[in-house]
Amino acid sequence: MTNNDTIFALSSGRGKSGVAVIRISGDNLKEFAKKIIGHPPVPRHAYFANLMDDTGEIIDQCVVIYFAAPYSFTGTDIIEIQSHGAPAVILKIFQFLRTQHMRIATPGEFSRRAFYNGKMDLSDVDGLVALLDAQTDKQRVAALKSMMGGDSDIYTDWRMQMLKISAYAAAMTDYNSDDLPGNIDETIYEHIKTLYTAISAALGKYNASRAITCGINITIVGETNVGKSSLFNRIVGSARAIVSDIPGTTRDVVSATMDIGGYMVNISDTAGIRDATDTIERIGIERTNDEINNADIVIHVINPNDKYAKIKPDEILVINKSDTTDVHKINGAIYTSAKNGDGIPELMSAITERINKITGNGESVLMINARTYDLVKTAADELKNALERSNGDYDILSEHVRYAADAIGKILGIIGTDEVLDMTFSQLCLGK
Ligand SMILES: Nc1nc2c(ncn2[C@@H]2O[C@H](COP(=O)(O)OP(=O)(O)O)[C@@H](O)[C@H]2O)c(=O)[nH]1
Ligand SMILES: [Mg+2]
């Protein structure tokens, strides 16, 4: 596979649609554009064309746009063919393109070209991957910011500062200390400290970033028959979980994904906690415990007049069946009736409030993912090493700061191995 092959793919979604977009990337596509529209193309102009194969048979009526390098998504020449979105049309166009010395692109190959041609760095590609996966508005906003270089700007700034400090410290060893300004040590150390604080703060927001991109995990727990499944159905808005007055009805974890205030939420209904009578229910209860460990928010449901000592920090205490009897008040608890809907809006507000606390309202968080987390962490650790382990030896200090800069360089793909590139691009679909 070379970067010069002419490649094509369906860039719009699969299945029947009004319009399909087929993208071609390669060197010198002007001739081909001329051939299909019948005259030399002006870049970025939309041309209506009867797209014909080499036998003169019309394949479809299309709109064709030619983008001249380097002003395209990939930095190469690009032709976009907008055809009707019928599978038969797309197939026929693909067959035609294959006869024109073109091959189908591998997943992410267009983005890989954009990366190699300096149109995007790896952090931007991470943003693109996340944007194509975005299901909620907050996911869209965070991913778009990252894709448009918001995160790259921060990383690039950190890296430039590190490289400067590292070079400066390395040069210090060549000077007699009398020739250097008196407070030079302090200046260097202060600078590293400031950077370390900024990077640590970003790491501290990883949980917020993860909650936005992967969803916030909410688990409903409590004893059997308190109305967990009924509440789950109320929250999700459909009868997903089986409700019954037979204790132990819910044995497995029932999950749903939903959008609450623009955030993606993974909510699960669990088996009630009690001394299980059979093996399957016992497994269900074990799974409940796993869910609790993974949960960002636990909704703990109890019966009216159940005794309850203290609400835990990540917990929302819900007293259900408020329609049945007068309930005694517990400070901070929410009162609901899954039966008639009382208190459900209050419960939703309490959930939203917790979500906003976890995500910090989603405001300017670096979109850290599993790949970048380790690298940001390495950068922070190396700055710490520079501060604590160099003991005034500027060569050692310079080296540690340099390692930190390398870690950030890997996030951007400036320093990269093929495996990292393969992993990042393979997450993209065909046509991207
Ligand atoms: N009166 C009343 N009954 C409820 C309420 N919520 C649930 N139930 C009933 O309590 C029983 C157990 O409900 P379920 O949702 O299966 O509880 P779970 O075992 O905690 O999942 C069912 O008969 C429900 O109809 C409520 O708010 N009020
Ligand atoms: Mg249940």
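Whatever comes next refers back to the structure up there.
Below or above, wherever it landed, is the structure these notes cover. (Residues numbered from 1 in each chain as written. Chains lettered and ligands numbered in written order. Predicted model: local features only at pLDDT ≥ 70, side-chain atom pairs only at ≥ 80, totals over all residues. Heavy atoms only, no water.)

Describing the pattern of salt bridges
Proximity of charged atoms lets side chains of opposite charge pair with each other. The line we're drawing: Here, a salt bridge means any Lys or Arg side-chain nitrogen found within 4 Å of an Asp or Glu carboxyl oxygen. Helical segments are the DSSP runs of H or I of at least four residues, strand segments are the runs of E of at least two, and each set is numbered from the N terminus. Exposure classes here rest on a 1.4 Å probe applied to the protein chains alone. A residue is buried below 20% of its type maximum, exposed above 50%, and partly exposed in between.
Tallying each qualifying case throughout the model produces 13 salt bridges. Across the pair Glu-57 and Lys-92 runs a salt bridge whose closest N-O atoms are separated by 3.8 Å. With Glu-57 in the loop between strand S3 (46-52) and strand S4 (58-67) and Lys-92 in helix H2 (residues 87-98), this residue pair connects regions lying 35 residues apart in the sequence. As a salt-bridge pair, Arg-210 and Asp-296 come within 2.9 Å of each other at their nearest N and O atoms. In this pair, Arg-210 is assigned in helix H8 (residues 206-214) and Asp-296 in the loop between helix H10 (279-294) and strand S10 (297-302), connecting sequence segments 86 residues apart. Each member of the pair Arg-210 and Asp-296 is classed as buried. Several salt bridges converge on common partners, so that one network encompasses Asp-5, Arg-103 and Glu-109.

Description of the side chain of Thr-74
We apply this condition: In this description, contact between two residues means that some pair of their heavy atoms is separated by no more than 4.5 Å.
Mapped onto the elements of the fold, Thr-74 is located in the loop between S4 and strand S5 (77-85). Excluding residues that lie within four positions of it along the chain, Thr-74 makes contacts with Ser-25, Phe-110, Arg-113, Ala-114, Asn-117 and Lys-119.

Re the sheet that holds strand S8 (residues 254-260)
Note the threshold: Think of it this way: DSSP has to see at least two bridges between two strands before they count as a pair. All axes here are fitted lines through C-alpha atoms, helices being fitted over the stretch that makes contact, and every angle between N-to-C directions spans 0 to 180 degrees.
Taken in spatial order, the six strands line up as S8-S9-S7-S10-S11-S12 in an open sheet, and their pairing is mixed. Of all the strands in the sheet, the pair left with one neighbour each is S8 and strand S12 (334-335). Across five bridges, S10 lies against strand S11 (residues 315-319) in parallel orientation. Looking at the pairing, His-300 lines up with Leu-317 of S11. In the packing of H8 onto the sheet, the strands contacted are strand S7 (216-222) and strand S9 (263-269), and the crossing angle to S9 comes to about 80°. Of the strands in this sheet, S7, S8, S9, S10 and S11 touch helix H9 (residues 228-236), which is tilted by about 155° from S9.

Brief notes about the environment of Asn-233
Among the secondary structure elements, Asn-233 is positioned in helix H9. Under the relative-accessibility criterion, Asn-233 is labelled buried at 11%. Separated by 23 residues in sequence, Asn-233 and Ala-256 have C-alpha atoms that sit 9.8 Å apart.

Side note on the site of ligand 1
So the rule is basically this: Put simply, a residue is near a molecule or strand once any heavy atom of it comes within 4 Å of that molecule or strand. Any pair of nitrogen or oxygen atoms within 3.5 Å is treated as a polar contact; in protein, a donor-acceptor pairing is required on top of that, and neighbouring residues in sequence qualify only through side-chain atoms on both sides. Here the accessible surface of atoms and residues is derived via Shrake-Rupley with a 1.4 Å probe, and residues count as covered only by protein chains that are part of the display. In this classification, the charged set is Asp, Glu, Lys and Arg, the nonpolar set is Ala, Val, Leu, Ile, Met, Phe, Trp, Tyr, Cys and Pro, and all remaining amino acids, among them Gly, are polar.
Around ligand 1 there are 18 residues in total, and Asn-225, Lys-228, Ser-230, Asp-323 and Ala-338 lie nearest to it. Here Lys-321 contributes a side-chain N or O atom positioned 3.2 Å from an oxygen atom of ligand 1. Here ligand 1, which alone exposes 580 Å², has 84% of that area covered by the protein. Of the residues belonging to the shell around ligand 1, the class tally is three nonpolar, nine polar and six charged.

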